[in-house]
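# Observations on the three-dimensional arrangement
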Amino acid sequence: MSINTKIAWRNIWRNKRRSLLTISAILFASSLLIFSISLQFSSYDTMIDAAVKRHTGHLQVQADGYNKDKKIRLVVEFPMQVIQAIQDLPLISAISRRANSFCLVSSDRRTYGIWVVGVDVAREKEVTTIFQVIRKGSYLENENGYEAIIGTILAKNLAVDVGDELVLLGQGLDGSIAASVVRVRGIFSTGQPDFDRSSLQMPLKTFQETFSMGDSVHELVVITKDLDKLPALAQAVRERLRSSFPSDSLQVLTWQDLLPGLDQSIQVDMVSGWINYSILVIIVAFGIMNTFVMSVMERTREFGMLLSLGMRPGQVVKLVLLESTFMSLLGIFFGIIGGCLLTYYFQVHGFEIPGAGDIMAQWGMPSRMWPRLSLISILMGPAVILMVTLVMAVFPVLRIFRLEPAKALRAV
């Protein structure tokens, strides 16, 4: 350890109260940023997971133009060949087929317009969590069965229960009238009012027969093993489809393309979060700069003596910057420990925000929240604080270059 390092370390503890206050401010800000960023990122993952596991999947293969204009004739004609072409890609966890159509559904008492989805019963459980939120009855089991599951709000509006019959009336792929009678097998509740009010799912084969679809579908829903590598997976699927089906107009869409509202909400929330973090960092930075300014002002006589003894201004500045670096590192070190302990506690036990349950339910999120530590959430906030505190320490010490030893020695 050099002599400058030893002197800088000892100087920190010449005024313990001031140094401890500075270190505590850095510690508090670091801990708060670790917890907040961990909570923010985990809430995004929960929102994405809830949305894609109940609606879109991480990625979809569709006929070109279907996402913008959901016409029943825009189909993937040979879905099993497409599945065989891409299912060996290492990032793919599961694939399922779906077909969709708007139609009228009637009970004995009422009629509503709803969105009907035909699902591949054997594969659907690998790409959705709907079967986990069945509140009455059970999930679909028979691939050829004339059965359906519906949302709780739709069941209430139609005044039906498990075992009751529903009449479906729509338009088939060939322009014919599509009509069928299905029995309610289960009633689900996702916590998302729009989805629970307007959704009905039935076996894919029954749907294809009712709507004259043949073997075609509208969507191939893909779940990836690693959400962070979704862009790479999308590109790999596009290349595989381009080489295997050069004449087919298929498009590959990620969840950001399929749920732009969710993506935009996350972007807006992220910007809002960074603004709040910036305000916190600025407040802490000015507090730290004030401490450094006071320290330099109070030690003018000491600096004058050091300059009189032959130290160059640059050496004195280096000494003061070492002191500020030590204080910043101490605050950040204990801040990281405190932030990780705090975050880990709530990562295990979770917590609830009073009154936020209804808002969370609209996004299909649980009312209880669990922040999740990651390398980014641990290092990002403290790194910014370290950088800002070091910059803030530079301005006060520049005064040392302007000191005249004779005048500085007479300073009170």
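Residues numbered from 1 in each chain as written. Predicted model: local features only at pLDDT ≥ 70, side-chain atom pairs only at ≥ 80, totals over all residues. Heavy atoms only, no water.

## Points about the overall build of the chain
Helix and strand content of the chain: 15 helices and 12 strands. Taking 22 Å as the expected radius of gyration for a compact globule of 412 residues, we find that the chain reaches 31 Å, considerably beyond that expectation. Along the first, second and third principal axes, the C-alpha set of the chain runs to 100 × 50 × 30 Å. The proportion of buried residues among the 412 residues of the chain is 47%. (Helix = DSSP H or I, 4+ residues; strand = E, 2+ residues; numbered from the N terminus. Rg over C-alpha atoms; globule rule 2.2 N^0.38 Å. Buried < 20%, exposed > 50% of the residue type's maximum accessible area, 1.4 Å probe, protein only.)

## Examining unusual backbone geometry
Peptide bonds are mostly trans, and most non-glycine residues show a negative phi. Positive phi is not limited to glycine here, since alanine 159 has a value of about 60°. Positionally, alanine 159 belongs in the loop between α5 (152-158) and β6 (165-171). Residue classification places alanine 159 among the partly exposed residues on the basis of a relative accessible area of 33%. Positive phi, close to 55°, is recorded for serine 212, a residue that is not glycine.

## Some details on the pairing of strand β1 (residues 59-63)
For β1, the buried fraction is high: five of the five residues fall into the buried class. Alignment of β1 against strand β9 (residues 219-224), held across three bridges, turns out to be antiparallel. Looking across to β9, one finds that leucine 59 is bridged to valine 222. In terms of strand pairing, β1 meets strand β10 (residues 250-254) through five bridges, oriented antiparallel. Residue pairing in the sheet places alanine 63 in a bridge with leucine 250 of β10. (Pairing = 2+ DSSP bridges.)

## With respect to the pairing of strand β2 (residues 92-106)
Burial analysis of β2 places 11 of its 15 residues in the buried class, the great majority of the element. Relative to β9, β2 runs antiparallel, the two sharing six bridges. When the bridges of β9 are listed, isoleucine 95 appears paired with valine 222. Where β2 and strand β3 (residues 111-119) come together, nine bridges link them in antiparallel fashion. Considered in β3, the bridge of arginine 98 is made with valine 119. The turn linking β2 back onto β3 is made up of four residues.

## Side note on the packing of helix α3 (residues 79-86) against helix α8 (residues 230-244)
Contact geometry for α3 and α8: axes closest at 10 Å, N-to-C directions at 120°. When the axes of α3 and α8 are compared, the pair comes out oblique. Crossing of α3 over α8 shows right-handed handedness. In contact with Val82, Ala85 and Ile86 of α3, α8 contributes Val237, Arg240, Leu241 and Ser244. The class makeup of the residues in the contact of α3 with α8 is five nonpolar, one polar and one charged. (Axes fitted to C-alpha atoms, helices over the stretch in contact; angles between N-to-C directions. Parallel < 35°, antiparallel > 145°, perpendicular 65-115°, else oblique. Left-handed = near helix turned anticlockwise from the far one by under 90°. Contact = heavy atoms within 4.5 Å. Nonpolar A, V, L, I, M, F, W, Y, C, P; charged D, E, K, R; others polar.)

## Here we look at the nonpolar core
Grouped together as the largest cluster of nonpolar side chains are 53 residues, with contacts concentrated most on Ile150, Leu166 and Leu200. Setting aside residues no more than four positions away along its own chain, isoleucine 150 makes contact with Ala155, Val160, Leu166, Val184, Gly186, Ile187, Phe188, Ser199 and Leu200. Membership of the second largest hydrophobic core comes to 20 residues, among which are Ile26, Val281, Val284 and Ile288. (Core = buried A, V, L, I, M, F, W, Y, C linked by side-chain atoms within 4.5 Å.)

## Considering the environment of glycine 381
Relative to the helices and strands, glycine 381 resides in helix α14 (residues 375-397). Judged by relative accessible area, which is 3%, glycine 381 ranks as buried. Setting aside anything within four residues of it in sequence, one finds glycine 381 in contact with Leu33 and Ile37.

## Observations concerning the packing of aromatic side chains
Here a ring pair, both rings aromatic, is described through the centre-centre distance and the interplanar angle of the planes. Following the criterion strictly, the structure yields 11 aromatic pairs and no others. Summarising the aromatic geometry, the rings of tryptophan 9 and phenylalanine 326 are spaced 5.7 Å apart at their centres and angled 85° between planes, so their arrangement reads as edge-to-face. Of this pair, tryptophan 9 sits in helix α1 (residues 3-12) while phenylalanine 326 sits in helix α12 (residues 313-349), and the two are 317 residues apart along the sequence. By relative accessible area, phenylalanine 326 is classed as buried at 18%. Ring-pair connections join several aromatic residues into one group, and the members of that group are Phe35, Tyr345, Phe346 and Phe351. For the cation-ring pair, lysine 125 lies above phenylalanine 131, with the distance from its terminal atom to the ring centre recorded as 5.5 Å. (Phe/Tyr/Trp six-rings, centres within 6.5 Å; stacked < 30°, edge-to-face > 60°. Lys NZ or Arg CZ within 6 Å of the ring centre and 35° of its normal.)

## Looking at α1
Residues of α1 that are buried: Thr5, Ala8, Asn11 and Ile12. What you see down the axis of α1 is that its buried residues fit within an arc of 130°, all on one side. In this structure, α1 carries Ile3 and Arg10 as exposed residues pointing more than 90 degrees from its buried face. Considering only its buried residues, α1 is in contact with α2 (16-56), α11 (300-308) and α12. (Arc of directions from axis to C-beta.)

## A look at the environment of arginine 109
When you line up the elements, arginine 109 lands in the loop between β2 and β3. By relative accessible area, which is 68% here, arginine 109 ends up exposed. For arginine 109 and threonine 210, which are 101 residues apart along the polypeptide, the C-alpha to C-alpha distance reads 23 Å.

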